[in-house]
Structures are given as structure tokens and as C-alpha cells.
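What follows is the residue order along each chain.
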Amino acid sequence: MTESLSRNRPVLIASSVETLLLIGAFIAGTSTLLNDQFPLTQTWMAALLSSHLSLAILSGLGAVLLFALTYLSERRDLFYLGLATVLAVGIAAAGGLAFYSTYNYDFSYLMALSFVVAIIPASGCLALSI
């Protein structure tokens, strides 16, 4: 019992941080989409976009870490949730890169939807590792 508890503790910590990063990236991205004009013309717009990009990069790294930790936990339910998280964050990253190269807002909506989808399995990892 104690061994499984200690194996899930890193997953608990990583999924908690990942969920917060994903929520932050989603909120910063939504406020960027609603308040910025592309191409950027003001300093505050660049700061808002920079905060979104920073949180998105950190959430990408966090998703990879969460996936690795769920793999090492040897629990299938956590592994599949970690896999779903990293795939959804990857789709969000692809949508973001496509948006910044084309300014096609459909890619921005794909990115936002993928961040919302990624929050669900990341918080599922949090709930199952308690």
C-alpha cells in the first residue's frame, strides 16, 4: 500500500502543476485572442502574448513529464490519461504554430479547444493519484 502511494506522489505533483499551467495558458490565450490585434501594435499586447506562449511552452514540458511519470507508475489508467494529455497539448501546439504562421483564426480555436481537452485528463490524473 505504501509503495503504490509513493509511486503516485510524483504523478500527483506533476498533474497538479500541469493542470494549473494548462488553465493559465488557456486563460492567457483567450485574453490574447480577445484583446490583441495581429500583427501586434502595442507593448501590452506583446506582454499578453508572451505570457500565453510561456505558459504554453511550460505546459508542453509538463505534459511530457506527466506522461513519463504515468508510464513509470505502472498504472494503465494513469498512463492513458497521461497519453491523452500529451496528445492534446501536441495538437494545441500544432494549432498555435499554424495560427501564428497564417493568422487563420480556425487554428486558434483548435488550439483553445485542445487546451480545454488537455485539462480534462490532466485533472483526471490528479484525481486518480490521490
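All of these numbers come straight from a predicted model, not from anything done at the bench.

*Asks:* Any chance you could break down helix H4 (residues 105–128) for me, citing the residues and the numbers?
*Replies:* Structural remark: α-helix, 3.6 residues per turn; residues separated by three or four positions point the same way. Here H4 spans 35 Å end to end across 24 residues, near enough to the 34 Å set by a 1.5 Å rise per residue. The complete set of buried residues in H4 reads Ser108, Met111, Ser114, Phe115, Ala118, Ile119, Pro121, Ala122, Gly124 and Cys125. With a side-chain oxygen lying 3.1 Å from the backbone nitrogen of aspartate 106, the N-terminal cap of H4 falls on asparagine 104.

*Asks:* Describe a nonpolar patch on the surface, and please don't skip the residues or the numbers.
*Replies:* A cluster of nonpolar residues, Ile57, Leu58 and Leu61, forms a patch on the protein surface that exposes about 310 Å² of accessible area. Looking at where isoleucine 57 falls in the secondary structure, it is placed in helix H2 (residues 43–72).

*Asks:* Mind laying out the environment of valine 17, listing which residues take part and the relevant values?
*Replies:* If you trace the backbone, valine 17 turns up in helix H1 (residues 2–35). Sequence separation of valine 17 and serine 59 is 42 residues, and the distance between their C-alpha atoms is 8.7 Å.

*Asks:* For empty space enclosed by the protein, give the residues involved together with the corresponding values.
*Replies:* Taken as a whole, this structure holds 1 cavity of 30 Å³ or more when the rule is applied. Its volume calculated, the largest cavity comes out at about 50 Å³. If you go around the largest cavity, the residues you meet are Gly29, Thr32, Leu33, Phe38, Leu49, His52, Phe99, Tyr100, Ser108 and Met111. Secondary structure elements with two or more residues in the lining of the largest cavity: H1, H2, helix H3 (76–102) and H4. Its residues placed into classes, the lining of the largest cavity shows 6 nonpolar, 4 polar and no charged.

*Asks:* Lay out unusual backbone geometry with the relevant residues and their values.
*Replies:* Positive phi values are uncommon outside glycine, yet glutamate 74 reaches one of about 60°. Counting through the fold element by element, glutamate 74 comes out in the loop between H2 and H3. For glutamate 74, a relative accessible area of 64% translates into the label exposed. Residues other than glycine seldom take positive phi values, yet tyrosine 103 does so here, at roughly 60°. Relative to the helices and strands, tyrosine 103 is located in the loop between H3 and H4. Among the residues examined, tyrosine 103 registers a relative accessible area of 41% and is labelled partly exposed.

About the criteria used
Residues numbered from 1 in each chain as written. Predicted model: local features only at pLDDT ≥ 70, side-chain atom pairs only at ≥ 80, totals over all residues. Heavy atoms only, no water. Helix = DSSP H or I, 4+ residues; strand = E, 2+ residues; numbered from the N terminus. Expected span 1.5 Å × (residues − 1). Buried < 20%, exposed > 50% of the residue type's maximum accessible area, 1.4 Å probe, protein only. Polar contact = N/O pair within 3.5 Å; in protein donor to acceptor, adjacent residues only side chain to side chain. Patch = residues over 30% accessible without salt bridge, like charges linked within 9 Å, V, L, I, M, F, W, Y side chains within 5 Å. Areas by Shrake-Rupley, 256 points an atom, 1.4 Å probe, with all protein chains shown as cover. Salt bridge = Lys/Arg side-chain N within 4 Å of Asp/Glu carboxyl O. 1 Å grid on protein atoms, 1.4 Å probe; cavity = no way out; pocket = protein on both sides within 12 Å on 5 of 7 lines; lining within 4 Å. Points joined across faces, edges and corners; volume = space filled by probe spheres on them. Nonpolar A, V, L, I, M, F, W, Y, C, P; charged D, E, K, R; others polar.

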